[in-house]
Amino acid sequence: MNTPHTKPVHEAPLTFVDPRHFKANTQVAVDDAHLRKSFRSAMDFLQTKRAAHFGTAQGALPPDGPAEVRDAKTAFETLRRQGEAIRQYSLSKLPDLLEQLDAQLTARGVQVHWASTPAEANALFLAIAQQHGARGMVKGKSMVSEEIELNHRMAEHGITCLESDMGEYIVQLAGERPSHIIMPAIHKTKQQIAELFAQHIPGTSYTEDVDELIATGRRVLRHEFRDAKIGVSGVNFLVAETGSLVLVENEGNGRMCTTVPEVHIAITGIEKVVEKLEHVLPLYALLTRSATGQAVTTYLNVITGPRRVQGEAPELDGPRELHLILLDNGRSQAYREADFRPTLQCIRCGACMNHCPVYARIGGLAYGTTYPGPIGSIISPHLMGLDPTQDLPTASSLCGACGEVCPVGIPIPELLMQLRHAAKHEAEPGHAPLAGQASARDWKEEAAWKTWAKLSSSPTLYRNFVGLAGRLSWLTPPWQAGWTAHRTPLKPASQSLRARLKGAGLE
Ligand code: SF4
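Residues numbered from 1 in each chain as written. Predicted model: local features only at pLDDT ≥ 70, side-chain atom pairs only at ≥ 80, totals over all residues. Heavy atoms only, no water.

(A) Layout of the site of the ligand. As a structural note, the neighbourhood of the ligand is formed by Cys346, Ile347, Arg348, Cys349, Gly350, Cys352, Ile375, Cys406, Pro407, Val408, Ile410 and Ile412. Taken together, the residues of the shell around the ligand sort by class into 10 nonpolar, 1 polar and 1 charged. (Near = heavy atom within 4 Å. Nonpolar A, V, L, I, M, F, W, Y, C, P; charged D, E, K, R; others polar.)

(B) Expanded view of helix α9 (residues 190-200). Restricting attention to buried positions, one finds in α9 the residues Ile193, Ala194, Leu196, Phe197 and His200. Projected down its long axis, α9 carries its buried residues within an arc of 160 degrees, all on one side. Looking at the buried positions of α9, the neighbouring elements they touch are α8 (166-174) and α10 (210-227). (Buried < 20%, exposed > 50% of the residue type's maximum accessible area, 1.4 Å probe, protein only. Helix = DSSP H or I, 4+ residues; strand = E, 2+ residues; numbered from the N terminus. Arc of directions from axis to C-beta. Contact = heavy atoms within 4.5 Å.)

(C) A look at the packing of helix α2 (residues 33-54) against helix α12 (residues 280-292). Closest axis-to-axis distance for the α2/α12 pair is 6 Å, and the angle between their directions is 140 degrees. As summarised for this structure, α2 and α12 are arranged oblique, according to the angle between their axes. On α12, the residues that touch Leu46, Lys49, Arg50, His53 and Phe54 of α2 are Leu286, Arg289, Ser290, Ala291 and Thr292. Considering only residue class, the contact of α2 with α12 consists of 4 nonpolar, 3 polar and 3 charged. (Axes fitted to C-alpha atoms, helices over the stretch in contact; angles between N-to-C directions. Parallel < 35°, antiparallel > 145°, perpendicular 65-115°, else oblique.)

(D) Focus on the environment of Ala185. Its place among the elements puts Ala185 in the loop between α8 and α9. The exposure class of Ala185 is buried, given its relative accessible area of 13%. Sequence separation between Ala185 and Leu419 is 234 residues; the distance between their C-alpha atoms is 29 Å. Excluding anything up to four places from it in sequence, Ala185 contacts Gly167, Ile170 and Val171.

(E) Quick peek at the confidence of the model for the chain. Residues of the chain with pLDDT of at least 70 account for 94%, and the chain-wide mean is 91. Overall, residues 57-62 carries pLDDT values under 50, and its contacts beyond four positions in sequence, including any with other chains, amount to 12 contacts. (pLDDT = per-residue confidence, 0-100.)

(F) Structural view of the nonpolar core. Counting residues in hydrophobic clusters, the biggest one holds 104 residues, and the most contacted among them are Phe125, Met137, Ile230, Leu245 and Leu324. In terms of residue count, the dominant contributor to this core is α12 (7 residues). One finds Ala174, Ala194, Leu221 and Phe225 within the second-largest nonpolar core, a separate group that totals 20 residues. (Core = buried A, V, L, I, M, F, W, Y, C linked by side-chain atoms within 4.5 Å.)

(G) Region of interest: the sheet that holds strand β7 (residues 263-269). Across the sheet, 6 strands lie side by side as β1-β10-β7-β4-β2-β3; this open sheet has parallel pairing. Each of the sheet's edge strands pairs with one partner strand only, and the pair in question is β1 (110-115) and β3 (160-163). Each strand axis lies, on average, 25 degrees off the axis of its neighbour in the sheet, ignoring direction. (Pairing = 2+ DSSP bridges.)

(H) Here's a closer look at unusual backbone geometry. Located in the positive-phi region is Asn329, a residue other than glycine, with phi close to 45 degrees. Positionally, Asn329 belongs in the loop between β10 (321-327) and α13 (331-336). Exposure remark for Asn329: the relative accessible area of 9% places this residue in the buried category. The residue Arg348 is not glycine, and still its phi comes out positive at about 55 degrees. With respect to the helices and strands, the residue Arg348 is situated in the loop between α13 and α14 (351-354).

(I) Highlighting the pairing of β10. Along β10, 7 of the 7 residues are buried, which leaves the element largely enclosed by surrounding structure. The alternating pattern of β10 places Glu321, His323, Ile325 and Leu327 on one face and Leu322, Leu324 and Leu326 on the opposite face, and all of these are buried. Bridge count for β1 against β10 is 6 bridges, and the pairing is parallel. The residue of β10 that forms the bridge with Trp114 is Leu326.

(J) Examining the pattern of salt bridges more closely. For the coordinates displayed, the defined rule picks out 21 salt bridges. A salt bridge links Arg20 to Asp18, with the shortest nitrogen-to-oxygen separation between them at 3.6 Å. Look at Arg20 and you get exposed, because its relative accessible area is 51%. Look at Asp18 and you get partly exposed, because its relative accessible area is 25%. Put simply, Arg153 and Glu156 hold a salt bridge, and the shortest N to O gap is 3.0 Å. The class for Arg153 is partly exposed, based on a relative accessible area of 27%. What makes Glu156 exposed here is its relative accessible area of 54%. Members of the salt-bridge network, linked through shared partners, are Glu147, Glu271, Arg331 and Arg348. (Salt bridge = Lys/Arg side-chain N within 4 Å of Asp/Glu carboxyl O.)

Now the structure itself:
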């Protein structure tokens, strides 16, 4: 049987959108009835899966509700308090834990690299690939590799970086970003996937048979695992005490990427470290239940060093070389300010996205960032600066659902409010500014609010203003920025309510 090969994936046209165009992007997404329908049903599905473990609407359960629902709520709260405490404790010791991790990994033969920016991380990947004469890499799921746009940066140097997670593989063929951090291709229908496979995988005919599609993808990827010199993966948790990399996955591609190729390069953010192996278990329980409603995933990989070739029992498999790239990319900025530090507690479960009414309507691509939804709106301003991302924290009704379901207790609505403030105002004395702080400052808006505050604080001024506005209401412009796109113009009433009541003898 001929094994199908993909066309070089860097030929796929890029369709990344820019977060600067967020408002326009949302309009396009909202107008797409098909997209809204598929996201709504996907979010309902994920919410139901999670609710099977933790119940629904944690903040609003009646105390006399069904016992099993109350138990679910209690279980969630207990586990969440534990997870939150572990993440807060780990962050409180972050510099020490990172040093300990580096020492433990180095002692076990892992080559540890530090990267401040995506460019530095990509340079490290390139140097390792060139050192091994590698023309291709095969990659497991890693949102941090999306953050540095690894595939496209490697393609610029003629190195193919093939996604092996099925969802990531689909979005790579489409030249898109993942639209969800756990289910990257959740926005694609099986018809669209069938078209992509037929177009990009030679010898593949169009089929809507899901099993056949998956079998085709697997065949292509198995071939790639065999040939790739370098396997790339993300990391869910790093354990400082043991020098371990913990990877959570369901497809087995993560294990293939980290064991079959001769060289394994793992990349993750500096915030992922915990002190002890026992700290991983509560976080793992929260992650799988919150993400996909699973009590356990199919695979849990704990990697502690490359293949051991010395000693009495040399190992027969595993990579001969293991690298870990620890990326900062704005995380130290979030760490520096106590108000923003909880952002780094995130374990990337996606529950906040699944419960966000805005995300469910516009999907992930409209955000134009690696991390969409509520988590994206609080982390992207640190990764990219507030200038290009200033609209994202406003993409929330502040209903609070994201904060309620977050398994590690991140106060997402409060962080959104703080970022909205930071986008419009200079940093307070004694605080270092965020990148792009006050980039959304609007002097006209500020002057209008200041004037309004002045008028409202003086009854005489206010009365005179209202009277004058009523008399001049005929001057009201018929077009009022975005307001009149869907509404009638705002017009001052010819008489104030008070004057009307007085006129009717009701004051
Ligand atoms: S912010 Fe909380 S709910 Fe959202 S992805 Fe992170 S851990 Fe999950």
